[in-house]
Every structure is written in structure tokens, then in C-alpha cells.
Amino acid sequence: MPFINERLEANRDAIAKNRADSGPVRVSRFRFEPEAVMTRLRANIVGQDDALAAMESMLVRVKADIGEENRPLAVHLFLGPTGVGKTETVRLIAEAIHGNRDSLCRIDMNTLAQEHYAAALTGAPPGYVGSKEGHSLFDLDKVQGSFGKPGIVLFDEIEKASKEVTRTLLNVLDTGRLVFPSGNREIDFRNTLIFMTSNAGALDAEAHHHRYQRGWRRWLGLSPGAGDRIRDTALRRHFDPEFLNRIDQILTFNNLTDNWLDALLDIELAGLNKRLARKHARLTLSPELRTDLCLGYDSRYGAREMLRAFRQRLEPAVARALLAHPDCTDFSADLRGSEVVVSQYVE
Ligand SMILES: Nc1ncnc2c1ncn2[C@@H]1O[C@H](COP(=O)(O)OP(=O)(O)OP(=O)(O)O)[C@@H](O)[C@H]1O
Ligand SMILES: [Mg+2]
């Protein structure tokens, strides 16, 4: 594929010509609408307003295409506890831009924790087995995207990466390029949105939050700002300043407290109903069952608890009802004792 930047050059001439034809002065090469992406994000992610607002600014900036040329389009680090929407946000962006939530190149840094695995990222150095082939974990199409759409890369659990891998990444963030040690190949990240996630500092911040909630500072109305300091200290413990310096924005995802349970339940139910629609069926939940599904939610495990309740308690009962009543389209789920019972819906 001729790389994006060559096509950009060609496009500049086209734009100049376009101006002569009195077309609009500026036409973005990107074929995605920040607003449409945000609608999808806001409908599916709860409790993370600040992070979503930052995503909106990022998308608008990318669409306007005014970033520096020799860098990735955007570099964000998502911090926060487990199961609060960090990976989901990136998947939803991929879905909104590329029409598929798997249209992203995800690198699990946990598997690269040992020094010698750095080769998996960049291919083996010259003289080593595999150096000629230049194998890499990166899926080129997903990294580089296309002329009208940015590629998306997600580095999960970035704090687990070895120093050597972090150094490789530093180069990518700096120059927008990853040159293989064999010297004969490079991957271009200049058309890429880079996301990194980490739980670093999440436990410390959580402990601080609890102390604050229980402590006298809250009653005096003193600000909980120390949470930011705790986060920064944790960040500095895990990452070099040069690395942090090259990140556009570091965003902290919030704990999903009980207040968000209702909204989470609605999102999961909407997802289930979308899948049921393919089988010409619809499901409603009784208020008692809703309350019961929310019981026992432990915010330390995040939204995955709700997913588990759906998968383990609700879905088997729904599946049984679908098979037992092949002609029925409307189902309702209720609680009988501690059992979930799904039956034909009657008004
Ligand atoms: N804020 C949220 N709003 C709606 N659903 C959410 C939210 N957070 C998580 N979920 C649901 O929980 C699932 C797990 O979330 P996700 O994969 O984003 O966790 P994460 O923050 O990346 O956690 P980890 O650090 O463990 O990887 C998602 O698939 C999504 O269905
Ligand atoms: Mg994740």
C-alpha cells in the first residue's frame, strides 16, 4: 500500500485544484463523523463523562487534521480500575469508525513482559531466527488504517511492558514510526490513534477515595484532590518521565458505583435485545428481577459483574424459553423465589 503520506501529497494538489473550481476551501480526508462516534459512546458508556469529553475533542482535532505530521494522530493513556470501560471505549470508537469493534490492533503488554519478547513487537534482530521474515505482532492494515480512516492500536496493561519494549514505544510516539531491527521494514503510525490502558495506581486511588469518603475531610468540604497526586506518584513509579511526556492526554476512568447500576442494566438489556431481534424475539424484565440482578454488585469488579449476572442467570432461562416457544416473539423475565423464569409476555 503506498503510504498515506504519499497520498496526502497527491491530495494536496487535488485540493488546490478544487479551490480553483470554487469547491469548499477545506475538505477533511477523514470519512468519519465525530458526532456519530460520540453518540455511540454516550449510549454505551456510563459514568465516564470527562473521559468521553476528552474523546470528543480528540476526534474533532483528528478530523480537522491539524496535528503534527511526524507523530501518531493521537496518543492517550487510560487509567482506572478493572471493568470500567477503558477497553470498551476503544472498541466502540473502532466500531463507529470502521463498522467493526474488532477493527483495532490490540497488543497485550502482559505477554511482552519479558525482555526477549520485545522481538515479537519488532521482529527479531539481524542474525536471529526469523529476522528476515520480519514477523511482528502488529496487524498492518489495522495499524495504518486507510486514507479516509485512522488505524487504531490498543496497548493493554502498558505498565507490564519491559523497559526495552517501552523504549521501542517511545520511538513510535516520537516519530510515528517503528523501524524493525533488521532495518528493512518499518511500520508507520502517523495515521494511527494510539490508546494505552493501565491499572497502575488504581488501587491506591481507590483506597484514598474510601478514606476520603469516611474521613473528616469530606465533612469539612476539603477537596479530594490528593487522588490526583496519588495517581501521579503511581504513574512515576511505573513509567519514565520521557514516556509520560509524549502522551497527549492521561485520562482516569472512574469507579462505577451503585448509582450506575440501572443504566448498566439497560445497556446490557439493549445488547441482549439486539441479539434476540435476530431471532425475532424481545425481552422485558420485571422490576423485581431488575433489583435482584443488581444485588450483590461489587464495584471493585466493575461492570463485568453485571455481564456475569446476565450470562449466568438470565441468558440460560431466555434460551430455554426461545426453544420451548418457537412461535412467540415477546418474552418477559421474572423472579420466582431466587430463580429467573422467562415466559411468554402477556399484557
Ligand atoms: N462505563 C461503562 N459503561 C457501560 N458498560 C461498561 C462500562 N464499563 C464497562 N462496561 C462493560 O463491562 C465490560 C468490561 O469493560 P472493559 O473491557 O472496558 O473493562 P476495562 O476498563 O478495560 O478493564 P480492565 O482493566 O480489566 O481491562 C465491557 O464489555 C462493557 O460491556
Ligand atoms: Mg481492558
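See above for the structure.
Keep in mind the model is a prediction, meaning the values are calculated, not measured. (Residues numbered from 1 in each chain as written. Chains lettered and ligands numbered in written order. Predicted model: local features only at pLDDT ≥ 70, side-chain atom pairs only at ≥ 80, totals over all residues. Heavy atoms only, no water.)

Applying the stated criterion across every chain, the model contains six aromatic pairs. With a centroid separation of 6.2 Å and an interplanar angle of 85°, the aromatic rings of Phe 138 and Phe 155 are classed as edge-to-face. You can see Phe 138 sitting in the loop between helix 5 (118-122) and helix 6 (140-144) and its partner Phe 155 sitting in strand 3 (residues 151-156), a full 17 residues away along the chain. The exposure class of Phe 138 is buried, given its relative accessible area of 8%. Measuring from centroid to centroid gives 5.6 Å for Phe 239 and Phe 243, while their planes differ by 25°, and the two rings are stacked. Accessibility classification places Phe 239 together with Phe 243 in one group, the buried group. Each residue in the set Phe 78, Phe 195 and Phe 253 is aromatic and connected to the rest through ring pairs, giving one cluster. The ring of Phe 147 carries the charged tip of Arg 29 above its face, separated from the ring centre by 5.8 Å. (Phe/Tyr/Trp six-rings, centres within 6.5 Å; stacked < 30°, edge-to-face > 60°. Helix = DSSP H or I, 4+ residues; strand = E, 2+ residues; numbered from the N terminus. Buried < 20%, exposed > 50% of the residue type's maximum accessible area, 1.4 Å probe, protein only. Lys NZ or Arg CZ within 6 Å of the ring centre and 35° of its normal.)

Attention shifts here to the site of ligand 1. In the region of ligand 1, 19 residues are neighbours, and Val 46, Thr 82, Gly 83, Lys 86 and Thr 87 sit closest. Gly 85 has a polar backbone atom sitting 2.9 Å from a nitrogen atom of ligand 1. Between Thr 87 and ligand 1, the recorded distance is 2.8 Å, taken from a side-chain N or O atom to an oxygen atom. In the complex, the protein chains occlude 87% of the 620 Å² of accessible area that ligand 1 would expose alone. Of all the elements in the fold, those that place two or more residues in the shell around ligand 1 are helix 4 (86-98), helix 12 (261-277) and helix 14 (304-324). Of the residues contributing to the shell around ligand 1, the split by class is eight nonpolar, seven polar and four charged. Viewed by domain, the shell around ligand 1 spans two of them, domain 1 (32-200 + 239-252) and domain 2 (258-344), each represented by three or more residues. (Near = heavy atom within 4 Å. Polar contact = N/O pair within 3.5 Å; in protein donor to acceptor, adjacent residues only side chain to side chain. Areas by Shrake-Rupley, 256 points an atom, 1.4 Å probe, with all protein chains shown as cover. Nonpolar A, V, L, I, M, F, W, Y, C, P; charged D, E, K, R; others polar. Domains from an automatic or database assignment.)

Of note, Gly 47 is situated in the loop between helix 2 (34-44) and helix 3 (49-64). With a relative accessible area of 9%, Gly 47 lands in the buried category. The spacing of Gly 47 and Asn 259 is 212 residues in sequence and 9.0 Å in space, taken between C-alpha atoms. The residues contacting Gly 47, other than those within four sequence positions of it, are Asn 254, Leu 256 and Trp 260. (Contact = heavy atoms within 4.5 Å.)

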